[in-house]
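As a plain string of letters, each chain reads:
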Amino acid sequence: MYHTQDMSDKNYFEFFGLPISYNLDETSLMYIYLERQRKEHPDSCTGDCVSFFADNSVAELNTAYQTLMDPINRAEHYLKVRRVSILDQLPSDFAEEMFNMHQKYDSIKNESEKEKFLESLRNKMKDILSLLHNLKEDDLEKFRKYTCLLRFINSFLEKVELNAYSRD
Amino acid sequence: MLTVGIDLGTTTTVIAIMKNGIPQTIPIDSGRKTTPSVVNYSKIENNNEILIGRKALSKMDYAHTVFSIKRNMGSNNKFFEKSPEEISAEILSYVKKIAEQKLEESIESAVITVPAHFSDIQRTATKRAASLAGIKVLRLINEPTSAAIAFGLAEKANGVYAVYDFGGGTFDFSILRLVDGIFQVLATGGDNYLGGDDIDNAILEYNVNQYDIVKITESEKLRAKLLAKTMKEQCNLEKLVEKECVIGGKTYLFRLSSELLWNLSEKYIKKTFKIADQVFSDAKLSHNQIDGVLMVGGMTKMQVVKEAAKDHFKTRIFDNIDPEEVVAFGAAIQADSIVNKNRNTLLIDVVPLTLGIETFGGGVDKIIHRNTPIPTVQTREYTTYSDNQTGIKFHVVQGERALAKDCRSIAKFELKGIPPAVRGTPKVEVRFSVDVNGLLNVSAREKNTGIEQNIVVEPSAGLTEDEMISMLENALKNITQDKERSAYISAKMAAERQISFWESIINDIPEPEQKRVENGIMRLKEYISNDRSESRDILNTINYIDDIVGHFLDEIISKRLSKNPIKIDEVKK
Ligand SMILES: Nc1ncnc2c1ncn2[C@@H]1O[C@H](COP(=O)(O)OP(=O)(O)O)[C@@H](O)[C@H]1O
């Protein structure tokens with residue numbers, strides 16, 4: 001029985017032949033991914049290539065692609081590659097603001113105000129993302145902090161959006 | 001030896017083959033392209049012959065006829081002592097036999113289509129039906145993806161397209177990217193119990209209520225439902241349809257106007273748009289970012305559906321392809337491409353429903369998220385929660401809900417023979433893999449000893465259709481509640497762990513912080529003993545205490561370590 005190697009040790013930037021940098025061109029990544037699919041997919045592998053192994057290697061290709069295409073997963077992977085652990089708790093200088101986010105949201109009664117608040121969070125995420133893109137490569141401490149913040153706001157938004165969806 | 005594509009539909013079945021690079025349907029039933037997915041079992045009168053398709057329909061012996069068997073795929077329900085797989089196999093054997101006569105060559109293998117939202121159990125059941133019919137399944141592919149393949153190939157289209165697939169029993173919506181023969185599914189969603197059948201039922205119910213009909217036998221009902229279906233289809237061309245229907249010896253005039261048809265179907269059509277918009281949001285796209293919507297499935301022949309879709313999506317609508325053939329065409333193309341290892345078309349599909357494992361608290365640890373491209377492999381490590389525990393039970397579930405009991409149960413298994421050890425030390429790696437057919441394989445392995453259990457998920461179902469329907473309906477309604485519930489369970493577990501840790505070190509914390517930690521723990525205990533408290537209050541309190549304790553932790557630990565150094569041997573044991 002075959003077991004996957006621990007994929008978390010992999011460097012997905014190298015895997016796609018990309019420079020180790022948070023800034024990557026998503027369109028190029030997509031084309032690299034699709035071209036590799038065309039070569040490696042079990043449906044198109046011929047001759048010696050056994051479909052079973054093709055399955056596993058394409059599975060890894062899929063995981064790598066998904067990780068790099070998502071801005072937050074990519075940030076976390078970037079940290080891992082740079083051997084910096086991911087913060088699993090909010091840094092103390094943000095903690096208060098973030099925990100208040102829930103209370104603030106709940107205290108808003110008006111629907112359009114609620115939406116405005118969410119929009120401001122989405123914009124905040126965009127701001128943080130562009131900060132990440134512009135950070136110096138060796139400013140890992142800041143990178144780590146912003147990544148954690150992004151993850152936090154994102155899970156808050158996901159929760160609220162799902163709630164709204166299931167309400168009507 | 002031929003290979004074909006088969007669209008095994010809820011109401012109709014279509015079989016197609018590639019001829020000189022072009023897909024063609026093989027006419028089966030009196031030369032028609034489609035065969036009704038209907039089986040008649042009145043064996044005695046038919047000299048033990050089972051009737052299928054139009055022959056079964058024209059018999060009008062509704063007491064011995066099975067309709068829409070696809071709705072029961074993967075369940076343990078029986079009809080005339082036959083399982084859904086056996087009945088589906090009956091339909092498959094029939095189309096295979098007639099097609100072989102027409103083509104004068106035998107059919108060896110096929111690509112068979114399934115609704116994108118079919119669960120693992122329903123897929124396995126479909127595969128089994130095919131092997132009962134003597135057909136080797138080259139691949140199971142999702143219906144909307146199949147339609148996109150046929151469309152993409154015919155139109156040489158590149159870009160991002162959505163497929164709106166509204167059939168007799170199921171609704172699917174997928175968004176795909178087409179790049180030079182590669183079909184990459186970006187996101188998919190659907191409902192296995194939403195289709196034309198629902199509107200037929202609504203038409204029937206409306207008329208039955210109009211006349212206050214209380215007594216109606218099962219076979220009268222079936223006949224009336226077929227009548228409702230015909231009326232629905234005719235209403236497309238006529239403003240008012242009137243038909244006579246005999247119930248309990250009396251004749252009633254059933255009516256359907258285009259206005260009434262809209263009123264009765266609006267609810268279902270709106271539901272399809274809601275699902276579609278969730279798929280847009282999963283794909284992180286808005287309506288104006290796609291190049292068009294392909295209309296697939298018999299229901300999209302309805303004028304009201306087309307118009308509503310135009311209004312809703314405000315983008316190009318492609319309704320020029322034959323919605324009934326296109327799914328089988330895609331399957332035929334894919335079959336040909338697999339057999340010939342054709343590198344010009346390639347399909348990258350996704351997992352339609354999240355797969356996970358039930359956690360200790362009854363929640364779900366999501367292992368493969370919906371819309372993950374297949375094939376995929378994900379692993380997770382688990383451990384024991386009591387000392388000397390030698391077995392771990394796993395419960396694999398599928399669905400979007402937060403609690404395991406609300407998801408579809410896929411399989412249960414136990415990894416036994418773990419060497420006795422302190423809790424938390426064994427390392428059990430669970431590996432989920434989903435292959436290109438969308439079928440799941442689960443294995444578990446204890447890493448220190450290498451003990452292993454491998455399971456291939458089998459249709460064990462055990463759920464009745466009703467249960468499945470309510471499971472799906474509840475899924476969306478309860479997301480709010482669920483998320484909080486599972487967040488609460490995990491927060492509570494975290495709190496319990498932390499409390500026992502803090503209590504073990506509290507004496508080493510100096511005043512006044514010690515008092516603050518004590519108060520904090522008290523507050524936390526109140527929260528976790530009250531079922532109605534919120535996860536975020538628990539988490540905030542944990543963080544509050546953690547912050548205080550954190551200042552002393554290093555000191556306490558190094559003090560303790562110097563007192564009782566850990567012996568390496570002990571840890572190993
Ligand atoms: N011309 C039409 N006008 C309205 N509805 C139609 C028309 N043709 C087919 N339908 C409806 O489409 C549904 C069948 O769609 P189809 O895609 O064949 O389903 P499936 O693939 O689930 O068997 C039925 O509810 C049928 O009544």
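> Mind showing me how you'd approach the overall build of chain A here?
When helices and strands are tallied, chain A shows seven helices and zero strands. A buried classification covers 48% of the 168 residues belonging to chain A. For chain A, restricting intrachain contacts to residue pairs at least 6 apart in sequence, the fraction spanning at least 24 positions comes to 69%. When the accessible area of chain A is evaluated, it comes to approximately 8,900 Å², of which 52% is carbon and sulfur surface.

> What am I meant to see in the overall build of chain B here?
Counting secondary structure elements, chain B contains 14 helices and 25 strands. Taking the principal axes of its C-alpha atoms as reference, chain B extends roughly 90 × 55 × 50 Å. When burial is assessed residue by residue, chain B has 55% of its 573 residues classed as buried. Within chain B, contacts between residues at least 6 apart in sequence are counted, and of these 66% link residues at least 24 apart. Carbon and sulfur atoms form 49% of the exposed surface of chain B, whose accessible area is close to 25,900 Å². With 74 positive and 78 negative side-chain charges, chain B shows a separation of 1 Å between the mean positions of the two kinds.

> Can you help me understand the site of the ligand in this one?
All names here are of chain B. Inspection of the region around the ligand gives 17 residues, with Thr11, Thr12, Lys232, Glu233 and Gly298 positioned closest. Coverage of the ligand by the protein chains reaches 90% of its 580 Å² of free accessible surface. Take the shell around the ligand: its biggest share by element is three residues, from helix H6 (residues 218-234). When its residues are assigned to classes, the shell around the ligand shows two nonpolar, eleven polar and four charged.

> Would you mind showing me how to read the sheet that holds strand E6 (residues 51-52) of chain B here?
All names here are of chain B. Here we have three strands laid out as an open sheet, ordered E6-E5-E7, and antiparallel in their pairing. Each edge of the sheet is formed by a strand with only one pairing partner; in this case those strands are E6 and strand E7 (65-66). Of the strand pairs in this sheet, strand E5 (residues 39-40) and E6 are connected by two bridges, and their pairing is antiparallel. Each residue of the ladder has a partner; that of Asn40, found in E6, is Leu51.

> Please clarify how the domain arrangement of chain A should be interpreted in this entry.
Interface size, as often reported, equals the accessible area lost upon joining of the parts. Residues and elements named next belong to chain A. What the domain assignment reports for chain A is domain 1 (12-69) and domain 2 (92-167). With four residues of domain 1 at the contact, the number on the domain 2 side is five residues. Interface area for domain 1 against domain 2, summed over the two sides, is near 400 Å², with a carbon-plus-sulfur share of 46%. Linking domain 1 with domain 2 are zero salt bridges. Of the residues assigned to the side of domain 1 that touches domain 2, the class counts are two nonpolar, two polar and no charged.

> Which parts of the structure should I look at to understand the confidence of the model for chain A?
Residues shown with low pLDDT carry predicted positions that ought not to be read at fine detail. Residues and elements named next belong to chain A. Here chain A averages 80 in pLDDT, and 83% of its residues register 70 or above. Looking at the elements of chain A, mean pLDDT is at its lowest for helix H5 (residues 92-107), recorded as 77, and at its highest for helix H1 (residues 12-15), recorded as 94. Confidence drops under pLDDT 50 across residues 1-7; counting only partners more than four residues distant or on other chains, this segment forms 22 contacts.

> Got a minute to help me understand the domain arrangement of chain B in this structure?
All names here are of chain B. Examined at the domain level, chain B breaks down into domain 1 (2-195 + 265-348), domain 2 (355-456) and domain 3 (482-563). If you look at the interface, domain 1 gives 16 residues, while domain 2 gives 13 residues. Summed over both partners, the interface of domain 1 with domain 2 buries about 1,200 Å², with 45% contributed by carbon and sulfur atoms. At the boundary of domain 1 with domain 2, the tally comes to one salt bridge. Salt-bridge contacts for Arg370 lead to Asp282; the nearest nitrogen and oxygen are separated by 2.8 Å. On the surface where domain 1 and domain 2 come into contact, there are seven residue pairs in polar contact (both at pLDDT 80 or more). Among the secondary structure elements, those contributing two or more residues to the side of domain 1 that touches domain 2 are helix H3 (120-132), strand E9 (136-142), strand E12 (182-191) and helix H7 (258-282). The greatest single-element share of the side of domain 1 that touches domain 2, amounting to six residues, is contributed by H3.

> Can you help me understand the environment of Ala308 of chain B in this one?
All names here are of chain B. One can find Ala308 in helix H8 (residues 303-313). Accessibility expressed as a relative area gives 12% for Ala308, which makes it buried. With 38 residues separating them in the primary sequence, Ala308 and Lys270 have C-alpha atoms 8.7 Å apart. Here Ala308 is in contact with Trp262, Ile269 and Phe273, once residues within four sequence places are set aside.

> What exactly am I supposed to notice about the packing of aromatic side chains here?
All names here are of chain A. Using the criterion set out here, one finds 25 aromatic pairs over all chains in the structure. Consider the rings of Tyr12 and Phe15, whose centres lie 6.2 Å apart with planes at 75 degrees: the pair is edge-to-face. One end of the pair is Tyr12 and the other is Phe15, both in helix H1 and three residues apart, which spans about a single turn. No difference in accessibility class separates Tyr12 from Phe15, as the two residues are buried.

> Sorry, what's going on with the state of the cysteines here?
What makes a disulfide is a covalent bond joining the sulfur atoms belonging to two cysteines. Residues and elements named next belong to chain B. Scanning the entire structure with this criterion turns up zero disulfides over all chains. Just so you know, Cys235 is unpaired, no disulfide at all, and the nearest cysteine sulfur is the one on Cys245, 17 Å from it. The exposure class assigned to Cys235 is buried, which follows from its relative accessible area of 5%.

> What's the story with the pattern of salt bridges in this structure? I'm lost.
Two side chains carrying opposite charge are able to pair once their charged atoms lie near each other. In the structure shown here, the tally under the stated rule is 31 salt bridges over all chains. In this structure, the salt-bridge partner of Lys270 of chain B is Glu266 of chain B, at a minimum N-O distance of 2.8 Å. Of this pair, Lys270 of chain B and Glu266 of chain B both sit in helix H7, four residues apart, roughly one helical turn. Residue Lys270 of chain B is classed as partly exposed on the basis of its relative accessible area, which comes to 47%. Each member of the salt-bridge network shares a partner with another, and the members are Glu115, Glu119 and Arg122 of chain A.

> Would you mind showing me how to read the side chain of Lys96 of chain B here?
Residues and elements named next belong to chain B. Note that Lys96 resides in helix H2 (residues 84-103). With a relative accessible area of 16%, Lys96 lands in the buried category. Excluding anything up to four places from it in sequence, Lys96 contacts Ile107, Ala133, Gly134 and Ile135.

> Explain the pairing of strand E13 (residues 240-247) of chain B to me, please; I cannot follow it from the model alone.
It is a general feature of regular strands that their side chains alternate between the two faces of the sheet. Residue and element names in this part refer to chain B. Two elements, E13 and strand E14 (residues 250-257), share eight bridges in a ladder whose sense is antiparallel. Each residue of the ladder has a partner; that of Lys243, found in E14, is Phe254. Remark: two residues form the turn of the hairpin made by E13 and E14, two consecutive strands paired antiparallel; Gly248 in that turn has positive phi of roughly 55 degrees.

> Just to check I follow, could you spell out the confidence of the model for chain B for this structure?
Residue and element names in this part refer to chain B. With 90% of its residues at a pLDDT of 70 or more, chain B has an overall mean of 85. Across residues 457-480 the pLDDT falls below 50, and counting only partners more than four positions away or on other chains, this stretch makes 51 contacts in the model. Contacts for the low-pLDDT stretch residues 564-573, under 50 throughout, to residues beyond four places or in other chains number three contacts. Interface predicted TM-score (ipTM) for the complex: 0.81; the corresponding pTM is 0.79.

> Even after reading the chapter, I still don't get the sheet that holds strand E21 (residues 392-398) of chain B, so can you show me in this structure?
For sheets, the rule is that strands pair by backbone hydrogen bonds, running either parallel or antiparallel. All names here are of chain B. Pairing is antiparallel across the open sheet formed by four strands, whose spatial order is E19-E18-E21-E22. Lying at the two open borders of the sheet, with one neighbouring strand each, are strand E19 (364-368) and strand E22 (408-415). Strand after strand, the sheet turns through a mean of 30 degrees between neighbouring axes, direction not considered. Pairing analysis gives three bridges linking strand E18 (residues 355-358) to E21, with the strands arranged antiparallel. Pairing of Gly356 across the sheet is with Val397, part of E21. Here H3 sits on the sheet in contact with E21 and E22, set at roughly 90 degrees to E22.

What counts, and at which threshold
The residue count restarts for each chain, going from 1 along the sequence in the order it is written. Whichever chain is written first is A, and whichever ligand is written first is 1; the rest continue in order. Only residues with pLDDT of at least 70 are given local features in this predicted model, and only at 80 or more are side-chain atom pairs given and counted; all residues enter the totals for whole chains, interfaces and linings. Water and hydrogen atoms play no part in the side-chain values, which are based on all heavy atoms of the structure. Labels follow the DSSP assignment, with helices taken as runs of H or I lasting at least four residues and strands as runs of E lasting at least two, numbered in each case from the N terminus. We call a residue buried when its accessible area falls under 20% of the maximum for its residue type, exposed when it is over 50%, and partly exposed in between, using a 1.4 Å probe and counting protein chains only. Whether two residues touch is decided by their heavy atoms; if any such pair falls within 4.5 Å, the residues are in contact. For every accessible area listed, the method is Shrake-Rupley and the probe measures 1.4 Å; residues are considered covered only by the protein chains on display. Within this scheme the basic residues Lys and Arg register as positive and the acidic residues Asp and Glu register as negative, but His and the chain ends are omitted. To locate a charge, the coordinates of NZ of Lys, CZ of Arg, CG of Asp or CD of Glu are taken. Throughout this document, a residue counts as near a molecule or strand when at least one of its heavy atoms sits within 4 Å of that molecule or strand. Polarity classes work like this: nonpolar for Ala, Val, Leu, Ile, Met, Phe, Trp, Tyr, Cys and Pro, charged for Asp, Glu, Lys and Arg, and polar for all others, with Gly in that last group. Following DSSP output, two strands are said to pair if at least two bridges run between them. The start and end points of each domain follow an automatic or database-based domain assignment. Throughout, buried area stands for the accessible area (probe radius 1.4 Å) lost by two parts on being put together, summed over both. One side-chain nitrogen of Lys or Arg within 4 Å of one carboxyl oxygen of Asp or Glu is enough to make a salt bridge. Every residue gets a pLDDT, meaning the predictor's confidence in that residue, from 0 to 100. Under the rule applied, a polar contact is a pair of N or O atoms within 3.5 Å (in protein, one hydrogen donor and one hydrogen acceptor; residues adjacent in sequence only if both atoms are side-chain atoms). Ring pairs shown here join Phe, Tyr and Trp side chains whose ring centres sit within 6.5 Å, with only the six-membered ring taken for Trp; geometry is labelled stacked below 30 degrees between planes, edge-to-face above 60, and tilted in between. The term disulfide is used for any two cysteine sulfur atoms that are within 2.5 Å. Axis definition: a line fitted to C-alpha atoms, limited for helices to the stretch in contact. Angles are taken between N-to-C directions and run from 0 to 180 degrees.

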